[in-house]
Amino acid sequence: HHSNAASYINEIITVEGTVDRYVFRNPHIVVYLNVRDDSGKTVRWMSEGAAATGLRLAGWTKDTLSKGDLIRITGKAGRNNKPMVSLSEVSKIDSATGAVITSINLKRDIIAPADPDSPDFSYPAARPNGTVNLTGIWTQGGEFDPEPSFLLNEAPVFTPAGQKIQDSILAINDPQYIKCEPAGLIRQASFTPHPVRITQYDDRVVFEYEEYAGERIVYLDDREYDNFDDSQRYRLGRYKARYEGDALIIESDLLTSAWSGIFGQVTSDKTSVVETYTRGFDEKWGPYAHMSMIITDPINLAKPWHIFWDKYYTVKNFTGTERDNVQLDYKMVPVECQIPLTAQ
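These numbers come from a predicted model, not from an experiment.

Topic: the state of the cysteines
In step 1: The tally for this structure, following the rule as stated, stands at one disulfide.
In step 2: Bridging cysteine 180 to cysteine 337, the disulfide has an S-S length of 2.1 Å. Disulfide cysteine 180-cysteine 337: the torsion about the S-S bond is -80°, which places it as left-handed. One end of the pair, cysteine 180, is in the loop between helix 3 (175-179) and helix 4 (185-190); the other, cysteine 337, is in the segment after helix 5 (326-329), with 157 residues separating them in the sequence.
In step 3: Judged by relative accessible area, which is 23%, cysteine 337 ranks as partly exposed.

Spelled out as C-alpha cells, the structure:
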C-alpha cells in the first residue's frame, strides 16, 4: 500500500467516462476511463480505489466493471491537476438517458465472529510437538481489530539524524508508490492489514502475505545463515529462527535502509529486528495470532521501536458471503501494482 496523499488533494470532483481497463488487483483496484473534456478531446483518466482484498467484503469481483461501461466516479481530485480521481462513489450510467442504472456498493460487510460451538473456536494453541500453533489464515476484521495495526502502533522516536530524514519525507517519494518496489522486512511483515498465511513444517515456517504478494521461508536451522555476505544488505535481511516456550522468535539483521510504511519512518542499514509470534484468544472472536516486532536502529532510532499486529483465525464469511471453509479455500488476491499518473 501507499498513501492516497501521494496522488490526491481534498477537492472533490465528479468524472464521467467509459471504462477502458478495470484492474481488480492489490494493492488498490484501478479503473482507467476515457473522458471527454470541455473541448471534446478524449482524455485517459485513472481512478484508484481501496484494496481488492477489502472490496471483496463489499461484493466486488473481477466482473464488477467491464470495458465500455459508462460510469460516474466521485472522489478526491488528482494532485497537480493530473487526470486522476479517487474512487469514493461510483455508479453505472445509462448512455442514452444519462440516468443512474445502479450505484455500486463500497461499504464492506463486517466479518462475522467465530461460532463458539465450532471446533475452530478452540483451534489448538500448540502443535502436537508442543510448539506454538501458527498454521492457518490469519486476518484482521470486525470489532476485534477495527483499524489496521499500523494506525494503532506507537510512533518511533528518532535520533536527530533520523528526524532529519523523517522531516523530509513526502508521500510522493514513497518507493513503493513511484517504482512499485518490493517492501522491506518491516513493511512486509508488520505493515499489513491483509491476511497472512502461515504454514509450519518440521524444519521451516512459510509466511505468505497478501500484502505485496510477499513470501518468506524461514528455516529453523542455520542452512542459509552462513550464505549471507556481511558486507551486503538484503531486503528481508539475514535471520535466525527458533521456538522458545510458547513463541516463535525470528532475529534479523543485514537489512537494507527502507521505508517502514506509508509514513516513511525510514530505518538505516544498521537495523536489526526481533519478531515474536504467539497465540491468544478473544472470547468473541476466538483464536488469534499475535506478532510483536522490536526494531533497533542505532542510526535513525533513539530507542527500540515496538510495533505489532493481531490477526484472528478465519473460518467463514470472509468475503461477505457464506463459504465452505476459508482455511481450506481462501485465495489471495494477486498483485498488479499500477504507477499513478502523478508519478510518471
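After that view, the rundown keeps rolling.
Concerning the environment of isoleucine 294
In step 1: Considering the arrangement of structural elements, one finds isoleucine 294 in strand 15 (residues 286-296).
In step 2: Measuring from C-alpha to C-alpha, the distance between isoleucine 294 and isoleucine 186 comes to 9.9 Å, with 108 residues separating the pair along the chain.
In step 3: Once you skip the residues sitting within four places of it in the chain, isoleucine 294 turns out to touch Ser272, Val273, Val274, Pro304, Trp305 and His306.

Focus: the packing of aromatic side chains
In step 1: Applying the stated criterion across every chain yields a total of 11 aromatic pairs.
In step 2: Relative to phenylalanine 24, the ring of tyrosine 22 has its centre 6.2 Å away and its plane inclined at 50°; by these criteria the two rings are tilted.
In step 3: With a relative accessible area of 14%, tyrosine 22 lands in the buried category.
In step 4: Judged by its relative accessible area of 10%, phenylalanine 24 is buried.
In step 5: Relative to tyrosine 209, the ring of phenylalanine 207 has its centre 6.2 Å away and its plane inclined at 10°; by these criteria the two rings are stacked. Here the two residues phenylalanine 207 and tyrosine 209 agree in accessibility, since each one is buried.
In step 6: Aromatic ring contacts, followed pair by pair, group Phe207, Tyr209, Tyr277 and Trp309 into a single cluster.
In step 7: Taking the ring centre of tyrosine 201 as reference, the NZ or CZ of arginine 204 above it sits at 3.9 Å.
In step 8: Taking NZ or CZ as reference, lysine 311 lies 5.3 Å from the ring centre of tryptophan 309, over its face.

Calculation rules
- Residues numbered from 1 in each chain as written.
- Predicted model: local features only at pLDDT ≥ 70, side-chain atom pairs only at ≥ 80, totals over all residues.
- Heavy atoms only, no water.
- Disulfide = S-S within 2.5 Å.
- Helix = DSSP H or I, 4+ residues; strand = E, 2+ residues; numbered from the N terminus.
- Buried < 20%, exposed > 50% of the residue type's maximum accessible area, 1.4 Å probe, protein only.
- Contact = heavy atoms within 4.5 Å.
- Phe/Tyr/Trp six-rings, centres within 6.5 Å; stacked < 30°, edge-to-face > 60°.
- Lys NZ or Arg CZ within 6 Å of the ring centre and 35° of its normal.

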